[in-house]
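Observations on the three-dimensional arrangement
Residue-level listing of the chains:
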Amino acid sequence: MKHSNNRVGATPKPGRRYSDAVQSPYNIGRGDLVYVTTYGCQMNDHDTERMLYQLELNQFLQTQDPSEADVIIINSCSVREKPVHKVMSEIGTYRPLKAKNPKLKIGIGGCVGQQEGKNLLAKSRLLDFVFGTDTIDSLPQILQEVRDQNKRVALTSMDHRGTYEISTLIRNPKVSSFVTITKGCDNFCSFCIVPFTRGREKSRLLSELVTDVKVLVERGVKEVTLLGQNVNSYKSPDGSGGFGDLLRAICDETQIKRLRFTTSHPKDFDDDLIEILVNYREKLGDFVHLPVQSGSSQILERMNRGYTREEYLEKVNRLKNKMPHVALSTDIIVGFPGETDEDFAQTLSLIETVGYENVYAFKYSPRPFTKALKYSEQVSEVIKDKRLQEINDLQERLAPTAIEKYHGQIFPVLVEGPSRTNQNILTGRTTHNKVINFDGKMDLIGHIIPIKVIKAQQFSLRGEVV
Ligand code: 5AD
Ligand code: SF4
């Protein structure tokens, strides 16, 4: 990234200050306020943090209130259902703000930005700039052109260099933090737009990732979640190891207390990973998110998932044999083209057989560029709705039994902070990745303490300090 040699020294607006970790050497923002909305996955949440880091570095300040913003950014997601429509209607809601503050600039980033590029500029005069998943670090320069030269800018180039070198940029790391280990995806599941919006899969260097975690630990982080579209196909570009080696290195060489990862792909979920989960249970916990997408081998083949129903179930069995207490969650797509009642019945039976604690079910949504878009046997919305409801009903029937077993158990819980819904109580997650809320003093934040489950509900537990 190139910077002009601008001077230092904008004064933050009254009542605001820059985050502790951020120096402010470039004065592109002049203390103006930026508001960001984020859609989609944890990768997008993490990208938003990267944007804000870059912007604070250049003397913008974050606001939570769009009506006082000088820059509004929508970090978009295009994985499902009418994403362009969604961002365009959000932009429409900002029309009165633009009338009030002619200086206000509005931009779209993330996967819709990547997918649509400059076409978006033609769709709305309210939109001033578009950037993609690989141009986040250029955001300050884009804003300089937009604000100071009054240009409309679309920058969605992809960096196709052999190596993937970025730094983990987090302003004020909390107890729990993210580290991106790979970008992009080479799997080309036939329903999925990600390989087109995030490009070819590239891994960061193992040694740099270990260093990043060490630095985060020094800054007070207790838990890191490793992020990638398909984390278990991670491969360090210098040949120093795969995903298993990375997990081992981070567990052995850093003082991180908890290490999580998302998302793992069933086809790459092997015995080595199971062994690591067993050996490093204290740090890795008892939880795996393993998206199956469908319980029918015929549909899995058409989805290009690279495994059959039987192979998936066999892996789950091997995992459960070694880790009898493991909690599993999954993603399901209903109404994929060609999915018959019989195929869907197999999905329901797989959900029952595995006994997931959480099932995230989605209606199939045709996506541009993907292979399944051209499949002829599209399923009607009515049937998709019906199947989605059936999955939710099934999960509602199964979940209480899955959750009830936690009642009375004591878990070592990493205290993350005050609960989002009630600032007077604390929240954390059990080793099974269940949110647990409890009363306690704020100085417990960042510590791992034993908490007894006193009430078990589907989405969160209630506990008390032992
Ligand atoms: N339609 C519906 N769901 C999708 N997902 C990905 N692409 C689509 C699509 N075209 C779901 C998958 C994936 C999750 C992140 O989103 O279940 O695991
Ligand atoms: Fe999409 Fe499949 Fe890659 Fe996941 S593994 S990001 S579903 S193409």
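Residues numbered from 1 in each chain as written. Chains lettered and ligands numbered in written order. Predicted model: local features only at pLDDT ≥ 70, side-chain atom pairs only at ≥ 80, totals over all residues. Heavy atoms only, no water.

**So, the sheet that holds strand S18 (residues 448-456)**
What holds strands together in a sheet is hydrogen bonding between their backbones, with the strands either parallel or antiparallel. Pairing in this closed barrel of 5 strands is mixed, and the strands run S15-S16-S17-S19-S18 around the ring. Between one strand and the next, the sheet's axes are offset by a mean angle of 50°, whatever the strand orientation. Both S18 and strand S19 (residues 461-465) contribute to a ladder of 5 bridges, which runs antiparallel. Paired with lysine 455 across the strands is arginine 462, a residue of S19. (Pairing = 2+ DSSP bridges. Helix = DSSP H or I, 4+ residues; strand = E, 2+ residues; numbered from the N terminus. Axes fitted to C-alpha atoms, helices over the stretch in contact; angles between N-to-C directions.)

**Side note on the site of ligand 1**
All residues adjacent to ligand 1 are Val79, Arg80, Phe191, Gln293, Asp331, Ile333, Phe362, Lys363, Tyr364, Ser365 and Arg367. Interatomic distance of 2.7 Å between a side-chain N/O atom of arginine 80 and an oxygen atom of ligand 1. Residue serine 365 places a main-chain N or O atom 2.8 Å away from a nitrogen atom belonging to ligand 1. Considering ligand 1 on its own, with 400 Å² of exposed area, one finds that the protein chains cover 85% of that surface. (Near = heavy atom within 4 Å. Polar contact = N/O pair within 3.5 Å; in protein donor to acceptor, adjacent residues only side chain to side chain. Areas by Shrake-Rupley, 256 points an atom, 1.4 Å probe, with all protein chains shown as cover.)

**Focus on the site of ligand 2**
Surrounding ligand 2, one finds Cys185, Asn187, Phe188, Cys189, Phe191, Cys192, Val194, Pro195, Gln229, His265 and Arg305. Each residue belonging to the shell around ligand 2 can be placed in one class, and the counts come to 7 nonpolar, 3 polar and 1 charged. (Nonpolar A, V, L, I, M, F, W, Y, C, P; charged D, E, K, R; others polar.)

**Here's the deal with the packing of helix H10 (residues 271-279) against helix H13 (residues 309-322)**
As a packed pair, H10 and H13 sit with axes 10 Å apart at the nearest point and diverge in direction by 25°. One finds that H10 runs roughly parallel with respect to H13. H13 is crossed by H10, and the crossing has right-handed handedness. Residues Asp271, Ile274, Leu277 and Val278 of H10 touch H13, and the partners they reach there are Lys315, Arg318, Leu319 and Lys322. Residues that form the contact of H10 with H13 fall into these classes: 4 nonpolar, no polar and 4 charged. (Parallel < 35°, antiparallel > 145°, perpendicular 65-115°, else oblique. Left-handed = near helix turned anticlockwise from the far one by under 90°. Contact = heavy atoms within 4.5 Å.)

**Quick notes on the pairing of strand S10 (residues 223-227)**
When you tally the buried positions in S10, you get 5 out of 5 residues, the bulk of the element. The two faces of S10 match: Glu223, Thr225 and Leu227 on one face and Val224 and Leu226 on the other face are all buried. The pairing of strand S7 (residues 176-180) with S10 spans 5 bridges and is classified as parallel. Its bridge partner lying in S10, valine 179 is registered against leucine 226. Pairing between S10 and strand S11 (residues 258-262): 5 bridges, direction parallel. Bridge pairing in S11 places threonine 225 opposite arginine 260. Once the chain exits S10 it traverses helix H9 (residues 243-253) before rejoining the sheet at S11, and the crossover so formed is right-handed. (Buried < 20%, exposed > 50% of the residue type's maximum accessible area, 1.4 Å probe, protein only. Right-handed = clockwise from strand over helix to strand, strands pointing away.)

Take it as geometry only, folks, not as evidence of what the structure does.
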